[in-house]
Amino acid sequence: MSAQGAKAFWEKRRDTAEDEVPRPEAVHIFGVDKLSTEDLLRFWVAEGVPVPTYVEWVNDSSANVVFATAEDAAAAVPARTVPLTPGQEAVDPVTWRTLPMHLAAAGKGLQLLFRLATYKDIKPPKRAPSRWYGRGRP
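About the thresholds
Residues numbered from 1 in each chain as written. Predicted model: local features only at pLDDT ≥ 70, side-chain atom pairs only at ≥ 80, totals over all residues. Heavy atoms only, no water. Helix = DSSP H or I, 4+ residues; strand = E, 2+ residues; numbered from the N terminus. Buried < 20%, exposed > 50% of the residue type's maximum accessible area, 1.4 Å probe, protein only. Contact = heavy atoms within 4.5 Å. Areas by Shrake-Rupley, 256 points an atom, 1.4 Å probe, with all protein chains shown as cover. Phe/Tyr/Trp six-rings, centres within 6.5 Å; stacked < 30°, edge-to-face > 60°. Lys NZ or Arg CZ within 6 Å of the ring centre and 35° of its normal.

## A few points about the overall build of the protein
Part 1 of the argument: Each helix and strand in the protein was counted, giving four helices and six strands.
Part 2 of the argument: For the protein, the succession of helices and strands along the chain, N to C, is β-α-β-β-α-β-β-α-β-α.
Part 3 of the argument: Going through the 138 residues of the protein one by one, you find that 43% of them count as buried.
Part 4 of the argument: Long-range contacts, defined as pairs at least 24 residues apart, comprise 62% of the intrachain contacts of the protein with a sequence gap of at least 6.
Part 5 of the argument: Entry remark: accessible area of the protein is about 7800 Å², with carbon and sulfur atoms responsible for 57%.

## Things to note about the packing of aromatic side chains
For any pair of aromatic rings, geometry is given as the distance between the ring centres together with the angle between the planes.
Part 1 of the argument: Within this structure, the stated rule accounts for four aromatic pairs.
Part 2 of the argument: Between the aromatic rings of Phe-43 and Phe-114, the centroid separation amounts to 5.4 Å while the plane-to-plane angle is 25°, which identifies the pairing as stacked. Of this pair, Phe-43 sits in helix H1 (residues 37-43) while Phe-114 sits in strand S6 (residues 113-118), and the two are 71 residues apart along the sequence.
Part 3 of the argument: A relative accessible area of 15% means that Phe-43 is categorised as buried.
Part 4 of the argument: Looking at Phe-114, the relative accessible area reads 1%, which means it is buried.
Part 5 of the argument: Consider the rings of Trp-44 and Phe-114, whose centres lie 5.9 Å apart with planes at 85°: the pair is edge-to-face. Taken as a pair, Trp-44 in the loop between H1 and strand S2 (54-57) and Phe-114 in strand S6 lie far apart in primary sequence, 70 residues in all. As far as burial versus exposure is concerned, Trp-44 and Phe-114 are alike and both buried.
Part 6 of the argument: Among the aromatic side chains, those forming a connected cluster through ring pairs are Phe-43, Trp-44, Phe-67 and Phe-114.
Part 7 of the argument: Taking NZ or CZ as reference, Arg-80 lies 5.0 Å from the ring centre of Phe-43, over its face.

In structure tokens form, the structure reads like this:
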């Protein structure tokens, strides 16, 4: 899962089923344990890359970054990520992508994973309070 091992993340990664309904305007990101909303929005800032409009937190390890349109998300994802598995170029809810080496080296030591969000990528009801606030911000 990461060079840091499975305990590096507070939550488990959720893979999708092929029949889940995609949210083409939203990008699901796993591995955000040490990131803030501002960090997630700032990640997309680059010349020629559409900027997201807001972040939906799913849990301590996952969030959805929502763009104004599906076209904006479709342009931003390949501009800022690379396939996790070489040869799998798809930008869809099933195929995970990751950071290119030059962005990973400049990050906070996390391996972020990206895919299109689905309508099942939501905050669970009645979940425990966030550990983000209990541990202090990085």
